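Report on the structure
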Amino acid sequence: MIGNFEARIPSGSLDRKWTSHKDHSRLVSPNNRRKFEIIIVGSGLAGGSAAATLGELGYRVKCFCYQDSPRRAHSIAAQGGINAAKNYQNDGDSVYRLFYDTIKGGDFRSREANVYRLAEVSSNIIDQCVAQGVPFAREYSGYLANRSFGGAQVSRTFYARGQTGQQLLLGCYQALCRQIAAGTVQMFPQTEMLDVVIVDGHAKGIVTRNLRTGKIDNVAGDAVVLATGGYGNVFYLSTNARGCNVTATYRAYKKGALFANPCFTQIHPTCIPHSGDYQSKLTLMSESLRNDGRVWVPKRKEDCAKPPKEIPEGDRDYYLERKYPSYGNLAPRDISSRAAKEVCDEGRGVGPGGRGVYLDFADAIKRLGEETIRERYGNLFEVYEKITGENAYNVAMRIYPAVHYTMGGLWVDYNLMSNISGLFVIGEANFSDHGANRLGASALMQGLADGYFVLPYTLPNYLAGQMGRRPSNDNAEFKKAERDIRAKIDNLLKINGKRSLDSIHRELGTLLWDKCGMARSKNGLEEALGKIPELRETFWREVRVPGDGEDFNQSLERAGRVADFLEFAELMCLDALARDESCGAHFREEHQTPEGEALRDDENFADVFAWEFQGNGQIALPKLHREPLHFETVHLTQRSYK
Ligand SMILES: Cc1cc2nc3c(=O)[nH]c(=O)nc-3n(C[C@H](O)[C@H](O)[C@H](O)COP(=O)(O)OP(=O)(O)OC[C@H]3O[C@@H](n4cnc5c(N)ncnc54)[C@H](O)[C@@H]3O)c2cc1C
């Protein structure tokens, strides 16, 4: 294995670890900072905030993204909000409570120290964003407003209507633009990273393809930061932007970076149901809607075809309120998703194919008035109406779970550095903070914590020992990486088969959704592991990638990403099979409580699974490394939201 597989968690009490780590980390003096070149791949909330902050500190940053502008990163899609332990509502919140909710929400499969740090810096994020002018919702008095998200009994979610991600990204983008204008950050839009270059065991560069011209280049740096987001699109249909992919992290994995918990995928309970075979993406209806909307299905199958208004109160099953009275409609995502699947499997689902449940605002409108609901969620209701043609102020929304977020990602230590020295991974691309299930409004918090407040301390700690070690990009490793990428592109263009990329990707996604989705079983996973290599062979034999390499060619871009998904899917299924327990969103049918909840096996699986590439499945299975999770502060309990 390249490098070190040590979590490097600082000693000392939980609430002092981060402060004392910062106090003892090495620094780079202001005059020396401009001598370092940092490569940041990704300019969403994680990458953008890191690039702006490191630029402000005086480092020279090269920042890459595949969109035409950092403004289009998938972070822009985030609707509902961002958590912070400010306790503005005086409802009992604290750093400890946010920490505890996050650990519990993740079903005790994340590191205490990382999660505590996240809760600790959460308040700074809000201050930072307010200072940037992010227009968070405010009370009439002018104070910042909050709402509740799943898995919490306090209101700690800050929001900007249903556009929180967009507004946060605008704030971040302004800070980034300031550094671009100051010359500290150089932005490379429409440039895709296709490989990491490792020199003497350290990540020292990347290979890129200019997506407008097709030109392949390589770039040397003193450190590489991956902020490339999540890989939910491996399922083909997800709430992610169409471009989201696994290529950057998967190719780093193939170069020796460990991939942690790849099977931990979040299925979000409130999405617009799938409506047809040619649909290319699914749409989220923010979890914030569950503050006021009530989830229900008819008690009797016979009523499912009736319009919801014709089903009287007594014939409705508000199943989340019934099963989880203390959290009700705000039960966490994994639990709410499974509960929806369960009632639909019983034949009580509504809408086409019986794959839907109601999210009903009638009570809230009666209590608060339509205007208040419009103020809170107006743009979400508009999105819903544009897609379904239904007015949710009059008729209950129909929702169903969909793939949404990936808790798995590249393994990182406490410094957010992978096992490869100098390769840092931040935001959704790493595995670090959410365990087996992420709580709502915690991804934005983590991405911005990593970029604004963690990496700016931990990266210098690495750089301090690296002065003058940046290789030239004439180095043999760069040349080899570039040759390999060219060969891969040529191979894709040569296939010239008859099947479309989408048809193969869709087939992969359907297989994963059935066998490695909301519920998994040994038999199902073994079946998927048999079929994925066959599908991969079909791809390399029959897919058609039109156009050529040295040109603008979106089919070629997608082909590389689908090829990676076809290998990565196998790693997900292997991980799901090896984790012979249920935890959070990883629900192995063989392991459930009598009430049908996830049944953990702490004795054997309170570990992070980190996989090392050995050649794809047909050559050699990946090697599993396990990082035991030590719980010194919280007691492991059966998660209960009753
Ligand atoms: C519909 C939706 C709503 C959500 N709502 C919320 C919410 O309300 N609250 C919350 O906390 N979370 C929410 N999330 C989750 C949250 O939005 C994401 O987890 C988060 O924005 C990810 O940020 P990121 O910076 O890690 O990645 P991204 O924003 O995905 O950015 C990835 C960046 O990497 C670049 N990139 C990727 N691969 C390459 C490559 N190979 N080469 C070059 N560049 C590359 C991209 O161009 C992009 O700039 C939501 C997610 C979805 C799908």
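A brief structural summary. (Residues numbered from 1 in each chain as written. Predicted model: local features only at pLDDT ≥ 70, side-chain atom pairs only at ≥ 80, totals over all residues. Heavy atoms only, no water.)

Here's the deal with the overall build of the protein chain
In terms of helices and strands, the protein chain carries 17 helices and 19 strands. For 642 residues, the compact-globule formula gives about 26 Å, and the C-alpha radius of gyration of the protein chain, at 24 Å, lands near that figure. Overall, the C-alpha framework of the protein chain stretches about 75 × 60 × 50 Å when taken along its three principal axes. For the protein chain, with 642 residues in total, the buried portion stands at 62%. Partitioning the contacts of the protein chain with sequence separation of at least 6, the portion at a separation of at least 24 is 74%. Total accessible area computed for the protein chain in this model is approximately 23700 Å², and 48% of it derives from carbon and sulfur atoms. For the protein chain, the separation between the mean place of its 81 positive charges and that of its 79 negative charges on side chains is 3 Å. (Helix = DSSP H or I, 4+ residues; strand = E, 2+ residues; numbered from the N terminus. Rg over C-alpha atoms; globule rule 2.2 N^0.38 Å. Buried < 20%, exposed > 50% of the residue type's maximum accessible area, 1.4 Å probe, protein only. Contact = heavy atoms within 4.5 Å. Areas by Shrake-Rupley, 256 points an atom, 1.4 Å probe, with all protein chains shown as cover. Lys, Arg positive; Asp, Glu negative; His and termini not counted. Charge placed at Lys NZ, Arg CZ, Asp CG, Glu CD.)

Here's the deal with the site of the ligand
Within the structure, the ligand sits among 37 residues, and Gln-67, Ser-75, Gly-80, Met-193 and Glu-428 are positioned closest to it. Within the contact set of the ligand, an oxygen atom lies 2.4 Å away from a side-chain nitrogen or oxygen of Gln-67. Separating a nitrogen atom of the ligand from a backbone N or O atom of Gln-79 is a distance of 3.2 Å. Across the complex, the protein chains shield 98% of the 1000 Å² of accessible surface that the ligand would expose by itself. Those elements that place two or more of their residues in the shell around the ligand are α3 (45-57), β6 (191-199), β15 (397-406) and α12 (443-463). A per-element tally of the shell around the ligand places β6 first, with 3 residues. (Near = heavy atom within 4 Å. Polar contact = N/O pair within 3.5 Å; in protein donor to acceptor, adjacent residues only side chain to side chain.)

Some points on the packing of aromatic side chains
Centre distance and the angle of the planes are the two values used to describe a pair of aromatic rings. Throughout the structure, instances matching the rule amount to 27 aromatic pairs. Grouping aromatic residues by their ring pairs yields a cluster made of Tyr-231, Tyr-250, Tyr-253, Phe-259, Phe-568 and Phe-613. The cationic tip of Arg-117 hangs over the ring face of Trp-18; the distance from NZ or CZ to the ring centre is 4.8 Å. Residue placement shows Arg-438 over the ring face of Tyr-405; its charged tip is 4.0 Å from the ring centre. (Phe/Tyr/Trp six-rings, centres within 6.5 Å; stacked < 30°, edge-to-face > 60°. Lys NZ or Arg CZ within 6 Å of the ring centre and 35° of its normal.)

Some details on the packing of helix α4 (residues 95-105) against helix α5 (residues 112-132)
The geometry of α4 relative to α5 is characterised by a closest axis approach of 8 Å and an angle of 135° between their N-to-C directions. In this view, α4 runs oblique relative to α5, as classed from their interaxial angle. Handedness of the α4/α5 crossing: right-handed. On α5, the residues that touch Val-95, Tyr-96, Leu-98, Phe-99, Thr-102 and Ile-103 of α4 are Glu-112, Val-115, Tyr-116, Ala-119, Glu-120 and Ser-122. Its residues placed into classes, the contact of α4 with α5 shows 8 nonpolar, 2 polar and 2 charged. (Axes fitted to C-alpha atoms, helices over the stretch in contact; angles between N-to-C directions. Parallel < 35°, antiparallel > 145°, perpendicular 65-115°, else oblique. Left-handed = near helix turned anticlockwise from the far one by under 90°. Nonpolar A, V, L, I, M, F, W, Y, C, P; charged D, E, K, R; others polar.)

Notes on the layout of surface pockets
Sizing a probe to match a water molecule and rolling it over the atoms shows the empty space that remains. Space inside the second largest pocket adds up to approximately 660 Å³. Lining of the second largest pocket is provided by 27 residues; of these, Leu-237, His-274, Tyr-400, Trp-513 and Asp-514 occupy positions nearest its centre. Among the elements of the structure, β15 and α14 (501-516) are those that each provide at least two residues to the lining of the second largest pocket. The leading source of residues in the lining of the second largest pocket is α14, at 5 residues. Classifying every residue of the lining of the second largest pocket by side-chain character gives 15 nonpolar, 6 polar and 6 charged. Here the lining of the second largest pocket gathers at least three residues from each of two domains, domain 1 (268-404) and domain 2 (476-605). (1 Å grid on protein atoms, 1.4 Å probe; cavity = no way out; pocket = protein on both sides within 12 Å on 5 of 7 lines; lining within 4 Å. Points joined across faces, edges and corners; volume = space filled by probe spheres on them. Domains from an automatic or database assignment.)

What about the state of the cysteines?
Summed over the entire model, instances satisfying the criterion amount to 0 disulfides. There is no disulfide at Cys-172, and the cysteine sulfur nearest it, in Cys-129, is 8.3 Å away. (Disulfide = S-S within 2.5 Å.)

Remarks on empty space enclosed by the protein
In the structure shown here, the tally under the stated rule is 7 cavities of 30 Å³ or more. Taken as a whole, the largest cavity holds about 100 Å³ of empty space. Looking at the largest cavity, the residues that line it are Glu-192, Leu-194, Arg-209, Thr-247, Arg-251, Lys-488, Ile-489, Leu-492, Leu-556, Glu-557, Gly-560 and Arg-561. Of all the elements in the fold, those that place two or more residues in the lining of the largest cavity are β6, α7 (247-254), α13 (476-495) and α16 (554-578). Considering every element that reaches the lining of the largest cavity, the biggest residue donor is α16, with 4 residues. The residue inventory of the lining of the largest cavity, partitioned by class, reads 4 nonpolar, 2 polar and 6 charged.

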